[in-house]
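Take a look at the letters that make up each chain.
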Amino acid sequence: MTVTRTALVTGGTGGLGAATVSAFLAAGWRVVAPVRPGTAGRLPQGAVPVEADLMDEAQVRAAAATAAGQPGAPLRAVVNLVGGYAGSGPVADTPVADFERMLAVNLRPTYLTTAATLPHLVAAGGGSVVCVSSRAAVSPFPGAAGYITAKAAVLAFAGAVAVEYRRQNVRCNTVLPSIIDTPANRSGQPDADHSRWVAPAAIAETILFLASDASAPTSGAQIPVYGQA
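Residues numbered from 1 in each chain as written. Predicted model: local features only at pLDDT ≥ 70, side-chain atom pairs only at ≥ 80, totals over all residues. Heavy atoms only, no water.

Let us now look at empty space enclosed by the protein. This model, assessed by the stated rule, comprises 1 cavity of 30 Å³ or more. In this structure, the largest cavity encloses a volume near 30 Å³. Surrounding the largest cavity, L155, A158, G159, C172, N173, T174, G220, A221 and Q222 form its lining. Going through the elements one at a time, helix 4 (145-165) and strand 6 (170-177) are the ones with two or more residues in the lining of the largest cavity. The class makeup of the residues in the lining of the largest cavity is 4 nonpolar, 5 polar and no charged. (1 Å grid on protein atoms, 1.4 Å probe; cavity = no way out; pocket = protein on both sides within 12 Å on 5 of 7 lines; lining within 4 Å. Points joined across faces, edges and corners; volume = space filled by probe spheres on them. Helix = DSSP H or I, 4+ residues; strand = E, 2+ residues; numbered from the N terminus. Nonpolar A, V, L, I, M, F, W, Y, C, P; charged D, E, K, R; others polar.)

Below is the structure:
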C-alpha cells in the first residue's frame, strides 16, 4: 500500500492513543507520534516516534516538521489526545495551582501542537484537526472544576480554529468521550459496569472519520462518543 498522507497523533502510547494510531495505520496513513523519552516501544508497530515534550514550543515545532517532512505523504491530519484528569474537591477548597495545572495539561499541548501544524496543513492544501474534550465539559459533575474548565476551553479553542481556517480548507472538530474503557479506568473504578463504557477503538474510528475526506463538509462540530455510559 502506497502511503500518501500523514497524521500526527499526540498521546499515542495511551489507551485511546494506541487505538487511534492503529486505526490510522490500518487505513494506510503514515503516523508520526510524539513520545516521551523511553516510551517509543509502547506505540503500535509502524508508527514513527519522535521524542518531544509537548509542553515545550520548540520541541513541538520540531515534531511538526518531522510529520510534514515527507513530500510524498504530506501532513493532512492532526489528532490532539494529550491531556489529564485530577479531581480537586469543591472550588473553594481547590488551590489555584491545582486549577492551573489542569488548564496547562489539557490546553497547552493542544494549543502548541495545533499552532505548529496549521501552517503545514495549509501548505498541503488543507486537512483536519481533531481535539478531544469530555462529556464533563457540557455536563459537569462536582469536584473537578479545573478539569471541566480545561475541557470546555478545548471546545472553544477548536471552534476558533474552525472559524479562522475554514477558507484555507482546514477543518477542526472535537470528540467528547464519556468514560473510556481502558485498563487504568477499570482499575480506578473496579465496581462500575464496564460494559457501558465506550471502547477506545470505537472512538478511534470516529476520529479517523473526522480526519478523512468522508467528513469534508464538517467543521466546528462537537461529537459525543458516550457509548452507553
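Let us look at the pattern of salt bridges. Counted by the stated rule, this structure contains 2 salt bridges. Where R61 meets E57, a salt bridge forms, and the shortest distance between an N and an O atom there is 3.5 Å. Taken together, the residues span about one helical turn, with R61 and E57 both in helix 2 (residues 57-67) at a distance of 4 residues. D98 is the partner of R101 in a salt bridge, and the nearest nitrogen-oxygen pair spans 2.8 Å. Of the two residues, R101 and D98 both sit in helix 3 (residues 96-123), 3 residues apart, roughly one turn of that helix. Assessed through its relative accessible area of 46%, R101 is described here as partly exposed. On the basis of relative accessible area, D98 is assigned to the partly exposed category, the value being 33%. (Salt bridge = Lys/Arg side-chain N within 4 Å of Asp/Glu carboxyl O. Buried < 20%, exposed > 50% of the residue type's maximum accessible area, 1.4 Å probe, protein only.)

Turning to the packing of aromatic side chains, a few remarks are in order. Following the criterion strictly, the structure yields 3 aromatic pairs and no others. Here F24 and W29 contribute two aromatic rings whose centre-to-centre distance is 5.2 Å and whose plane-to-plane angle is 70 degrees, an arrangement assigned as edge-to-face. The buried category is assigned to W29, whose relative accessible area is 4%. Over the ring of Y226 we find R135; its NZ or CZ atom is 4.7 Å from the centre of that ring. (Phe/Tyr/Trp six-rings, centres within 6.5 Å; stacked < 30°, edge-to-face > 60°. Lys NZ or Arg CZ within 6 Å of the ring centre and 35° of its normal.)

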